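The primary structure of each chain is shown beneath.
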Amino acid sequence: MLTDSPIHATLPAADLDRARTFYEGKLGLKPSLEAPGGIFYDCGGTRFLVFPTRGAASGQHTQMGWTVDDIAAEVAELKNRGVVFEEYDLRGLKTVDSVADTPPVRAAWF
């Protein structure tokens, strides 16, 4: 059954070295597996793959998300690492201190 199977996000990267710099340098993640097909990163019992691509990914949608205990602390730590967060003031989406309060989920976009 699919509901019992582990999954992972797959993220295309036109510049794998640049992506690695972001995930490792900005987010502080460590690769769990490196192969010619890409780099796996493990997070909280899940994983994602960043793979090289010649195509241009739009990146105009949420790629992946994390559930954290203290979103304000995580946002502060990421900002300290140089991550730039998007701020929104749209109908249905407004951020305050880089955090969107969109019941029932609180999320940060960067």
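J.: What exactly am I supposed to notice about the packing of aromatic side chains here?
T.: What describes a pair of aromatic rings is the distance from one ring centre to the other and the angle between the planes of the rings. Using the criterion set out here, one finds four aromatic pairs in the structure. Between Y23 and Y41, the aromatic rings sit 5.8 Å apart at their centres with planes inclined by 40°, giving tilted as the arrangement. With Y23 in helix α1 (residues 16-26) and Y41 in strand β3 (residues 38-43), the pair connects residues that are 18 residues apart, well separated along the chain. Assessed through its relative accessible area of 13%, Y23 is described here as buried.

J.: Just checking my understanding: could you explain helix α2 (residues 71-80) for this structure?
T.: Within an α-helix, residues lying three or four positions from one another point in the same direction, as the helix has 3.6 residues per turn. All of the buried residues along α2 are I71, V75 and L78. Viewed end-on, α2 has its buried residues packed into an arc of 65°, placing them on one side of the element. Looking one or two residues past α2, G82 carries a phi angle of roughly 100°, positive in sign.

J.: I'm lost on the layout of surface pockets in this one. Help?
T.: The method is simple in principle: a probe with the dimensions of a water molecule rolls over the atoms, and the space it marks as empty is what remains. A volume near 160 Å³ is recorded for the second largest pocket. Around the second largest pocket sit I7, H8, A9, C43, T46, R47, F48, M64, G65 and W66, which together line it. Residue assignment for the lining of the second largest pocket shows that the elements contributing at least two residues are β1 (8-13) and β4 (46-52). With three residues, β4 is the largest single contributor of residues to the lining of the second largest pocket. Tallied by class, the residues present in the lining of the second largest pocket amount to six nonpolar, three polar and one charged.

Calculation notes
- Residues numbered from 1 in each chain as written.
- Predicted model: local features only at pLDDT ≥ 70, side-chain atom pairs only at ≥ 80, totals over all residues.
- Heavy atoms only, no water.
- Phe/Tyr/Trp six-rings, centres within 6.5 Å; stacked < 30°, edge-to-face > 60°.
- Helix = DSSP H or I, 4+ residues; strand = E, 2+ residues; numbered from the N terminus.
- Buried < 20%, exposed > 50% of the residue type's maximum accessible area, 1.4 Å probe, protein only.
- Arc of directions from axis to C-beta.
- 1 Å grid on protein atoms, 1.4 Å probe; cavity = no way out; pocket = protein on both sides within 12 Å on 5 of 7 lines; lining within 4 Å.
- Points joined across faces, edges and corners; volume = space filled by probe spheres on them.
- Nonpolar A, V, L, I, M, F, W, Y, C, P; charged D, E, K, R; others polar.

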